[in-house]
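Coordinate analysis (summary)
So the chains spell out like this:
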Amino acid sequence: MKKVILLLVAIISLSVAASAQKFGHITTDDIIQAMPETKAAQTALESEGKKLEEQLQSMGVEYQNKVQAYQENVQLADAAPEKWSAALRADKEQEIMQLQERIQRFQENAQQSLAQKRTDLFKPIMDKLDAAIKKVATAGGYVYVMDKANVLFINETISVDLTNEVKKELGM
């Protein structure tokens, strides 16, 4: 009999403990977009992207000019082969191919550079957001805090929207 009573007490305790768990959810994108640091980071990232794009366009113009000059010289060489030797023609072709390779490497490096810059700019923002979420969750006794963007379904009758509390913690 004592075992049955202890078992019932244990089951009731577990069910009370389970029902006392608090769940929260946030909309991370809304918070991040509202953070003033995000606008500054986006502006810096866009500025860096524009610089790289300008450099790429400059290289593209150089490439087009070399191709156009090459094509004009090929036409002249067809009319007067003695004015443009095969060695000079091969040298110009090699020069154009090297420039094309340089442009391709630049594009790859630019993409990597922008990705790294994005990581560098947004990591402190994400760290600050993470700290605020943890502080709100701990202070409120929440067991789980989920991002609405990463969850298929949230039963909002048992999960509390903590977005505004996190924004308040961040001073917004």
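Going by the structure above, here's the rest.
Residues numbered from 1 in each chain as written. Predicted model: local features only at pLDDT ≥ 70, side-chain atom pairs only at ≥ 80, totals over all residues. Heavy atoms only, no water.

Regarding the sheet that holds strand β2 (residues 142-147)
Read across the open sheet, the three strands follow the order β2-β1-β3; overall the sheet is parallel. The open sheet has two edge strands with one neighbour each: β2 and β3 (159-161). Neighbour to neighbour, the strand axes of the sheet diverge by 30 degrees on average, direction disregarded. Where strand β1 (residues 22-26) meets β3, three bridges bridge the pair, whose relative direction is parallel. Each bridged residue has a counterpart across the sheet, and for His 25 the counterpart in β3 is Asp 161. Against the sheet, helix α4 (residues 86-140) touches β1 and β2, its axis set at about 145 degrees to β2. (Pairing = 2+ DSSP bridges. Helix = DSSP H or I, 4+ residues; strand = E, 2+ residues; numbered from the N terminus. Axes fitted to C-alpha atoms, helices over the stretch in contact; angles between N-to-C directions. Contact = heavy atoms within 4.5 Å.)

Section: the environment of His 25
You can see His 25 is positioned in strand β1. A C-alpha to C-alpha distance of 9.8 Å links His 25 and Ala 137, two positions 112 residues apart in sequence.

Some remarks on the pattern of salt bridges
Taken as a whole, this structure holds nine salt bridges when the rule is applied. Where Glu 95 meets Lys 92, a salt bridge forms, and the shortest distance between an N and an O atom there is 4.0 Å. Of this pair, Glu 95 and Lys 92 both sit in helix α4, three residues apart, which is roughly one turn of that helix. Since its relative accessible area comes to 27%, Glu 95 is described here as partly exposed. (Salt bridge = Lys/Arg side-chain N within 4 Å of Asp/Glu carboxyl O. Buried < 20%, exposed > 50% of the residue type's maximum accessible area, 1.4 Å probe, protein only.)

Quick word on the packing of aromatic side chains
What the rule picks out here adds up to one aromatic pair. Ring centres of Phe 23 and Tyr 144 lie 5.6 Å apart, and the angle between their planes is 0 degrees; on these two criteria the pair is classed as stacked. Of this pair, Phe 23 sits in strand β1 while Tyr 144 sits in strand β2, and the two are 121 residues apart along the sequence. Taking the relative accessible area as the measure of exposure, Tyr 144 reaches 48% and is therefore partly exposed. Across the ring face of Tyr 142, the terminal group of Lys 22 is positioned such that the distance to the ring centre comes to 4.6 Å. Taking the ring centre of Phe 122 as reference, the NZ or CZ of Arg 118 above it sits at 4.7 Å. (Phe/Tyr/Trp six-rings, centres within 6.5 Å; stacked < 30°, edge-to-face > 60°. Lys NZ or Arg CZ within 6 Å of the ring centre and 35° of its normal.)

Points about a negative patch on the surface
The grouping of Asp 29, Asp 30, Asp 161 and Glu 165 at the surface amounts to a negative patch. By relative accessible area, Glu 165 is classed as partly exposed at 38%. (Patch = residues over 30% accessible without salt bridge, like charges linked within 9 Å, V, L, I, M, F, W, Y side chains within 5 Å. Areas by Shrake-Rupley, 256 points an atom, 1.4 Å probe, with all protein chains shown as cover. Lys, Arg positive; Asp, Glu negative; His and termini not counted. Charge placed at Lys NZ, Arg CZ, Asp CG, Glu CD.)

Looking at the environment of Gln 55
Within the secondary structure, Gln 55 sits in helix α3 (residues 36-79). Separated by 52 residues in the primary sequence, Gln 55 and Gln 107 have C-alpha atoms spaced 9.9 Å apart.

Examining the nonpolar core
Counting residues in hydrophobic clusters, the biggest one holds 17 residues, and the most contacted among them are Ile 26, Ile 31, Leu 129, Val 166 and Leu 170. Counting only elements with at least two residues in this core, the list comes to α2 (28-34), α3 and α4. Ranked by the residues each element gives to this core, the list is headed by α4, at seven residues. With residues up to four places along the chain from it excluded, the contact list for Ile 31 reads Ile 26, Leu 129, Thr 163, Val 166, Lys 167, Leu 170 and Met 172. (Core = buried A, V, L, I, M, F, W, Y, C linked by side-chain atoms within 4.5 Å.)

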